[in-house]
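# Structural overview for review
Listed below are the residues making up each chain.
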Amino acid sequence: MESANQDINLNSPNKGLLADAMTDVPVDNAARGAAPEGLTLAEEEELRAELAKVEEEIGTLRQVLAAKERHCGELKRKLGLTPLDGLKQNLSKSWHDVQVSNAYVKTSEKLGEWNDKVTQSDLYLSASSTLEDWNEKLTQSEAYKKTQETLSQAGQKTSAALSNVGSVISRKLGDMRNSATFKSFEDRVGTIKSRVVGSRENSTDGLHSPSGAGDKPPQDNAPF
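Predicted model, so just to flag it, every value in this text is computed and none were measured. Each residue is numbered by its place in its chain's sequence as written, counting from 1. Whole-chain, interface and lining totals are the exception, using all residues; otherwise, since this is a predicted model, local features are given only for residues with pLDDT of at least 70 and side-chain atom pairs are given and counted only at 80 or more. Computation of side-chain values covers all heavy atoms of the structure but excludes hydrogens and water.

## Topic: the overall build of the protein
Secondary structure elements follow DSSP: runs of H or I of four or more residues count as helices, runs of E of two or more count as strands, with numbering from the N terminus. Tallying secondary structure elements over the protein gives nine helices and zero strands in all. Helices and strands appear in the protein in the N-to-C order α-α-α-α-α-α-α-α-α. Residues count as neighbours in contact if any of their non-hydrogen atoms are within 4.5 Å of one another. For the protein, restricting intrachain contacts to residue pairs at least 6 apart in sequence, the fraction spanning at least 24 positions comes to 22%. Each accessible area is a Shrake-Rupley estimate made with a 1.4 Å probe; only the visible protein chains count as cover when residues are assessed. Total accessible area on the protein is roughly 19900 Å²; 58% of this is exposed by carbon and sulfur atoms.

Printed below as a string of structure tokens:
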């Protein structure tokens, strides 16, 4: 066949496009197949050319995106940012996107409407009024008042008992200090302390004197 022996035109200005490259190689209509239903042959050619162009743009964008991602990784590495920091940032951005999304806003509005309806419903108002009545009746009941008075009296008695115990202990200590036995013991301790201090002073004077004779008083040799 003549079409099989022809070479692909590599110098074609449209060689980057698949459909345009295919136009350099004649293709038999029978091998290509029938055109889709509702499309003429010219429309099919136009759509195939547009498809090839879009696919090429997608490939170019993927290459650009990969280069940008590598550059972004290098910048993060220089700044000392870890993958965990990136994950936190992504989570924060995702949560922010969720909060500003239409679904979230609509859900919040619905929940607010339901809350208003519940709090303004007759059943809710009736239950709240009933609970308030029960609370008022409970706080004004005799049993509640007696319980409060009992607890208050118990607290006052406990405080008074502790105060009395402290007074008794202080009085007992005072009586003990004024007793004859304690004073006799205190006098004995004072006497022992005086003896110990005196003995220490005598031993200190003996160490500082050059001889024992120097400590004796001079004799009076005058005749009687």
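## Points about the UniProt feature "coiled-coil region" (unreviewed entry) in the protein
UniProt positions are given in the numbering used here, feature names are shortened, and annotations may be inferred rather than shown by experiment. Mapped onto the present numbering, the UniProt feature "coiled-coil region" (unreviewed entry) falls on residues 44–71. Between the C-alpha atoms that bound residues 44–71 the distance is 41 Å, and the span itself is 100% helix and 0% strand.

## Quick notes on the pattern of salt bridges
For this analysis, a salt bridge means a side-chain nitrogen from Lys or Arg found within 4 Å of a carboxyl oxygen belonging to Asp or Glu. According to the stated counting rule, one finds two salt bridges in the structure shown. The closest approach of N and O atoms between Arg48 and Glu44, which form a salt bridge, is 3.0 Å. Taken together, the positions of Arg48 and Glu44, both in helix H4 (residues 41–79) and four residues apart, correspond to about one turn of that helix. Buried means the residue's accessible area, taken with a 1.4 Å probe over protein chains only, is under 20% of the maximum for its type, while exposed means over 50%, and partly exposed covers the values in between. The class for Arg48 is partly exposed, based on a relative accessible area of 42%. Across the pair Lys93 and Asp97 runs a salt bridge, and its minimum N-O distance is 3.2 Å.

## Structural notes on the packing of helix H5 (residues 83–100) against helix H6 (residues 102–119)
As a packed pair, H5 and H6 sit with axes 4 Å apart at the nearest point and diverge in direction by 55 degrees. When the interaxial angle is binned, H5 and H6 end up oblique. Residue-level contacts link Trp95, Val98, Gln99 and Val100 of H5 to Asn102, Tyr104 and Val105 of H6. The classification used treats Ala, Val, Leu, Ile, Met, Phe, Trp, Tyr, Cys and Pro as nonpolar, Asp, Glu, Lys and Arg as charged, and all other residues, Gly among them, as polar. The class makeup of the residues in the contact of H5 with H6 is five nonpolar, two polar and no charged. Note on geometry: axes are C-alpha line fits, over the in-contact stretch for helices, and angles between N-to-C directions span 0 to 180 degrees. Throughout this description, any angle smaller than 35 degrees is read as roughly parallel, any larger than 145 degrees as roughly antiparallel, any in the 65 to 115 degree range as roughly perpendicular, and the remainder as oblique.

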